[in-house]
Amino acid sequence: MTNLKRPLSPHLQIYKPQLTSVLSITHRITGVVLSILSLFIPLTLVSVALGVGYFNILKVFLANIFIQLLITASIFVLAYHLLNGIRHLFWDYGMGLSMKDTYVSGYLVLIVSVLLTLLSIIFFEINIGF
Amino acid sequence: MAIFHWKIQRISAILLVPIIIYLAVYLLNLENISYSEVREDVSSFWGIIIISFSAIVLYTHSSLGIEIILEDYIHDLNNQRFFVNLSKLIHAILLGLTLITLIIIKGNYL
């Protein structure tokens, strides 16, 4: 009980990756990425508080092609975490817990996340270099 | 405590579904909105209510999520406690910064 150096679950390095486990750890990774991206909310507000000059600097920064690529990746990260979060909420109510349903909803989350990212690129005219 | 933690994580997740879609669409459209329009939106009554509420729910959800991850992967209890508290502090600072900046923008706009 006192051995605090023991390995704790989830034993990511032991299990063979499966769709379910990969989607589960991806949910955590995307959550961490979104926590970092949440910095953008106070950052935008600070630029507004500082005045039009700083706000325009933010706009120029966002228009940069590398930042636009990062924004595209962020849309996928957000869409994935949002949809997989909804999948988790269904599980919490005891729905979709069978092996088949878990795989179907897993693939569905991935496909819809990609579709939402592609639609956002078109709708918001994100410049990703082509 | 764990059940309370679990419930707050789920309630904040449900609340975040419409909030995050609205915020993401607004931020992705930022390029097409002028400075004066953004300032007007942010300092309007509903702007202040939506942003304050969103920030509280978002940073609560984020803080609880990071806490769970730190508890799962940091095995040493002292380190775990340190990083959980650090995470809570950073989230509190970000929430505070959001709310204070809102007050400043509203104050300048009056």
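Look a little higher up for the structure.
Worth saying up front: this structure is predicted, and the values here are computed from it rather than measured. (Residues numbered from 1 in each chain as written. Chains lettered and ligands numbered in written order. Predicted model: local features only at pLDDT ≥ 70, side-chain atom pairs only at ≥ 80, totals over all residues. Heavy atoms only, no water.)

J.: Please clarify how the overall build of chain A should be interpreted in this entry.
T.: What chain A contains, in helices and strands, is five helices and zero strands. Along chain A, helices and strands appear, N-terminal first, in the series α-α-α-α-α. Taking 14 Å as the expected radius of gyration for a compact globule of 130 residues, we find that chain A reaches 19 Å, considerably beyond that expectation. Dimensions of chain A along its principal axes, counting C-alpha atoms only, are 55 × 40 × 30 Å. Counting every position in chain A, which comprises 130 residues, the buried fraction comes to 34%. Look at the contacts in chain A between residues 6 or more apart in sequence, and 73% of them connect residues 24 or more apart. Per element, the accessible surface of chain A, about 8,400 Å² overall, is 75% carbon and sulfur. (Helix = DSSP H or I, 4+ residues; strand = E, 2+ residues; numbered from the N terminus. Rg over C-alpha atoms; globule rule 2.2 N^0.38 Å. Buried < 20%, exposed > 50% of the residue type's maximum accessible area, 1.4 Å probe, protein only. Contact = heavy atoms within 4.5 Å. Areas by Shrake-Rupley, 256 points an atom, 1.4 Å probe, with all protein chains shown as cover.)

J.: Sorry, what's going on with a nonpolar patch on the surface here?
T.: On the surface, Phe82(B), Phe83(B), Leu86(B), Leu89(B), Ile90(B) and Ile93(B) cluster together to form a nonpolar patch covering roughly 550 Å² of accessible area. Relative to the helices and strands, Ile93(B) resides in helix α4 (residues 77-109). (Patch = residues over 30% accessible without salt bridge, like charges linked within 9 Å, V, L, I, M, F, W, Y side chains within 5 Å. Salt bridge = Lys/Arg side-chain N within 4 Å of Asp/Glu carboxyl O.)

J.: How do you make sense of the pattern of salt bridges when you look at a structure like this?
T.: Two side chains bearing opposite charge may form a pair once their charged atoms approach each other closely. Summed over all chains, the structure comprises two salt bridges over all chains. Arg28(A) is the salt-bridge partner of Asp72(B), the closest N and O atoms lying 2.6 Å from each other. Pair noted here: Asp72(B) is in helix α3 (residues 45-73) and Arg28(A) is in helix α1 (residues 19-37), and the two residues belong to different chains. For Arg28(A), a relative accessible area of 23% gives the class partly exposed.

J.: Help me understand the packing of helix α3 (residues 52-63) of chain A against helix α4 (residues 65-92) of chain A in this model?
T.: A pair of packed helices can be characterised by two numbers: the angle between their axes and the separation between those axes. Residue and element names in this part refer to chain A. Taken N-terminus to C-terminus, the directions of α3 and α4 make an angle of 75°; their axes are 5 Å apart at the nearest point. By the angle class used here, α3 and α4 are roughly perpendicular. Mapping the contact onto sequence places Phe61, Leu62 and Ala63 in α3 and Ile65, Ile67, Gln68 and Ile71 in α4. Looking at the contact of α3 with α4 residue by residue, the classes come out as six nonpolar, one polar and no charged. (Axes fitted to C-alpha atoms, helices over the stretch in contact; angles between N-to-C directions. Parallel < 35°, antiparallel > 145°, perpendicular 65-115°, else oblique. Nonpolar A, V, L, I, M, F, W, Y, C, P; charged D, E, K, R; others polar.)

J.: Got a minute to help me understand the nonpolar core in this structure?
T.: One recurring pattern in soluble globular proteins: nonpolar side chains tend to sit buried together. Counting residues in hydrophobic clusters, the biggest one holds 25 residues, and the most contacted among them are Leu45(A), Val38(B) and Val42(B). The set of elements that each furnish at least two residues to this core consists of α2 (40-50), α3 and α4 of chain A together with α1 (2-28), α2 (35-43), α3 and α4 of chain B. Of the residues forming this core, the biggest block, five residues, is contributed by α3(B). Every residue in contact with Leu45(A), bar those within four places of it in the chain, is listed here: Val42(B), Ile51(B), Thr98(B), Thr101(B), Leu102(B) and Ile105(B). (Core = buried A, V, L, I, M, F, W, Y, C linked by side-chain atoms within 4.5 Å.)

J.: Mind showing me how you'd approach the interface of chain A and chain B here?
T.: Much of the literature gives interface size as the accessible area that the parts lose upon coming together. Each side of the interface is counted separately: chain A has 38 residues, and chain B has 41 residues. Between chain A and chain B the total buried area reaches about 3,300 Å² when both faces are included, carbon and sulfur atoms providing 75% of it. One can count two salt bridges joining chain A with chain B. On the surface where chain A and chain B come into contact, there are seven residue pairs in polar contact (both at pLDDT 80 or more). Of the residues assigned to the side of chain A that touches chain B, the class counts are 27 nonpolar, six polar and five charged. (Buried area = accessible area lost by both parts, 1.4 Å probe. Polar contact = N/O pair within 3.5 Å; in protein donor to acceptor, adjacent residues only side chain to side chain.)

J.: Would you take a moment to explain the packing of aromatic side chains for this structure?
T.: All names here are of chain B. Applying the stated rule across the entire model yields five aromatic pairs over all chains. Both rings, one in Phe82 and one in Phe83, keep their centres 5.1 Å apart while their planes meet at 80°; by these two values the pair is edge-to-face. Residue Phe83 is classed as partly exposed on the basis of its relative accessible area of 37%. (Phe/Tyr/Trp six-rings, centres within 6.5 Å; stacked < 30°, edge-to-face > 60°.)

J.: Honestly, the layout of surface pockets in this entry has me stumped. Any pointers?
T.: The probe, sized like a water molecule, is rolled over the atoms to show the empty space still left. The computed volume of the second largest pocket comes to approximately 300 Å³. Looking at the second largest pocket, it is lined by 20 residues, and the ones nearest its centre are Leu45(A), Leu23(B), Tyr26(B), Val42(B) and Ile51(B). Secondary-structure elements contributing two or more residues to the lining of the second largest pocket are α2 of chain A together with α1, α2 and α3 of chain B. For the lining of the second largest pocket, the leading source of residues is α3(B), giving seven residues. The residue makeup of the lining of the second largest pocket, split by class, is 15 nonpolar, four polar and one charged. (1 Å grid on protein atoms, 1.4 Å probe; cavity = no way out; pocket = protein on both sides within 12 Å on 5 of 7 lines; lining within 4 Å. Points joined across faces, edges and corners; volume = space filled by probe spheres on them.)

J.: Looking at this model, I keep getting lost on unusual backbone geometry. Mind explaining?
T.: Glycine aside, negative phi is the norm for most residues, and most peptide bonds take the trans geometry. Residues and elements named next belong to chain A. Despite not being glycine, Glu125 shows a phi value in the positive range, around 50°. Position of Glu125 relative to the elements: it lies in the segment after α5 (99-123). You can call Glu125 exposed: its relative accessible area is 65%.

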